[in-house]
Amino acid sequence: MNTYSELDVEGYERVVRCDNDVVGFTAWAAIHDTTLGPALGGCRLWNYTDEQEAFTDVLRLSRGMTYKNALAGLALGGGKSVIRGDPQTIDRRALFENFGRFVDHLGGIYITAEDVNVTLADMEVVAGQTAYVATVGASGNPSPFTAFGVYCALQAAAAQVFGSEDLTGLKVAIQGVGETGGRLAELLVGAGCKIAVADINEDNINRLRHKIEFERIEAEGIIDADCDVFSPCALGGILNAETIPRLRCRIVAGSANNQLLHEQDGEELLRRNILYIPDFAANAGGVINISCEIGQAYDPQKAREKTAAIGNCIRRIIDISTRDKLPTNRVAIALAEEVVAASKGGNSPKTSSTTR
Ligand code: NAD
């Protein structure tokens, strides 16, 4: 049986905790902002060391979804859910049945989907309990679109740094070759890049070996790889005071959410003349694809075209960042906040100077 508690968190519309002692999990749903529409964001299952870690994660991920959906021009707000539980041992069917009831309890302000450690099959179980679930319809797995969006973002970044969108010959070091990183690696090899990869999951390394050639780097060494592009496609917080001085790349662009441990880490990347492509701008392809099945007949071609427009968004962020000498993450947040403010019918004085 689920037990729900409403939590009062400044800056968030609604944050709800769900405890289930029978199945043995705690979940949180954070609805950051629904100005643009119902909050759409995936559900992450992770064996968080403690509750605070899970809670911090859901808040950061949820806010990022507001920015992502706003920058992508979607009529969707930002929200996210996380489940604290052991993916290896938990009874998945019971877990996702109860998680589905939790989502239903929220009454439609939050629409869920997959994220790390949560599969389409899990979402089908969720769909047995609630209508507020995306990705079980025609649009299918969002990951190929996420990977394609990162690829388009990378082309825009390469044009700025190397003078051409042509990626031929660039060396890209990818951290994590799961659903998104693996697909990105294939796209990049197809474009003539040299790839170095690190992953802690041997199955994912071996799966990729059957498809493309790459250099394998040990997980701890990927940050130090001598490359043109570092592509974080695993978990968040990878760009921080300890790792940024070790980077030997000109561009950082990947699928992982919350790559910067702190927002001020963007300033250090700018100071080191490393072009950081804000994660929530680059990795919107999956959510763009999902949005193409909400309230309309799904058309994969349209989803691909809308995903390709991520390149335009990245060019705009880079232009403003270059002009105003501001970190790209700050510019992207300002642009997203302007979209939300405009929808509310107000202006955001804090951000207007960045978009003149
Ligand atoms: P995934 O679980 O399929 O892949 C992640 C990979 O990273 C796994 O192979 C895992 O073994 C590896 N990994 C974990 N820790 C590592 C480490 N320390 N070093 C090296 N490898 C490590 O997940 P995914 O769907 O590819 O998502 C990756 C990231 O992209 C996540 O942050 C996710 O939130 C984000 N994201 C995914 C999508 C999507 O459509 N799947 C959309 C937007 C954002």
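Criteria and thresholds
Residues numbered from 1 in each chain as written. Predicted model: local features only at pLDDT ≥ 70, side-chain atom pairs only at ≥ 80, totals over all residues. Heavy atoms only, no water. Near = heavy atom within 4 Å. Polar contact = N/O pair within 3.5 Å; in protein donor to acceptor, adjacent residues only side chain to side chain. Areas by Shrake-Rupley, 256 points an atom, 1.4 Å probe, with all protein chains shown as cover. Nonpolar A, V, L, I, M, F, W, Y, C, P; charged D, E, K, R; others polar. Domains from an automatic or database assignment. Contact = heavy atoms within 4.5 Å. Buried area = accessible area lost by both parts, 1.4 Å probe. Salt bridge = Lys/Arg side-chain N within 4 Å of Asp/Glu carboxyl O. Helix = DSSP H or I, 4+ residues; strand = E, 2+ residues; numbered from the N terminus.

Now for the site of the ligand. If you check the shell around the ligand, you find 23 residues, and the closest are Thr146, Thr180, Asp199, Asn204 and Asn257. At 3.1 Å from a nitrogen atom of the ligand is found a side-chain nitrogen or oxygen belonging to Ser143. Protein coverage of the free-state accessible area of the ligand, which is 820 Å², stands at 83%. Along the lines of polarity and charge, the residues of the shell around the ligand split into seven nonpolar, 11 polar and five charged. There are two domains that each give the shell around the ligand at least three residues, and those are domain 1 (3-65 + 77-127) and domain 2 (143-284 + 311-336).

Attention now goes to the domain arrangement of the protein chain. The domain architecture assigned to the protein chain consists of domain 1 (3-65 + 77-127) and domain 2 (143-284 + 311-336). Distance between the C-alpha centres of domain 1 and domain 2: 27 Å. Taken together, the contact pairs nine residues of domain 1 with seven residues of domain 2. Across the domain 1 to domain 2 interface the summed buried area is about 660 Å²; carbon plus sulfur atoms make up 42%. Joining domain 1 to domain 2, the criterion identifies one salt bridge. Residue Glu263 is joined to Arg63 by a salt bridge in which the shortest nitrogen-to-oxygen separation is 2.6 Å. The interface formed by domain 1 and domain 2 contains three residue pairs in polar contact (both at pLDDT 80 or more). For the side of domain 1 that touches domain 2, the secondary-structure elements that each account for two or more residues are strand E5 (43-46) and helix H1 (51-71). Here the element with the most residues in the side of domain 1 that touches domain 2 is H1; it accounts for four residues. Per-class residue counts for the side of domain 1 that touches domain 2 are three nonpolar, one polar and five charged.

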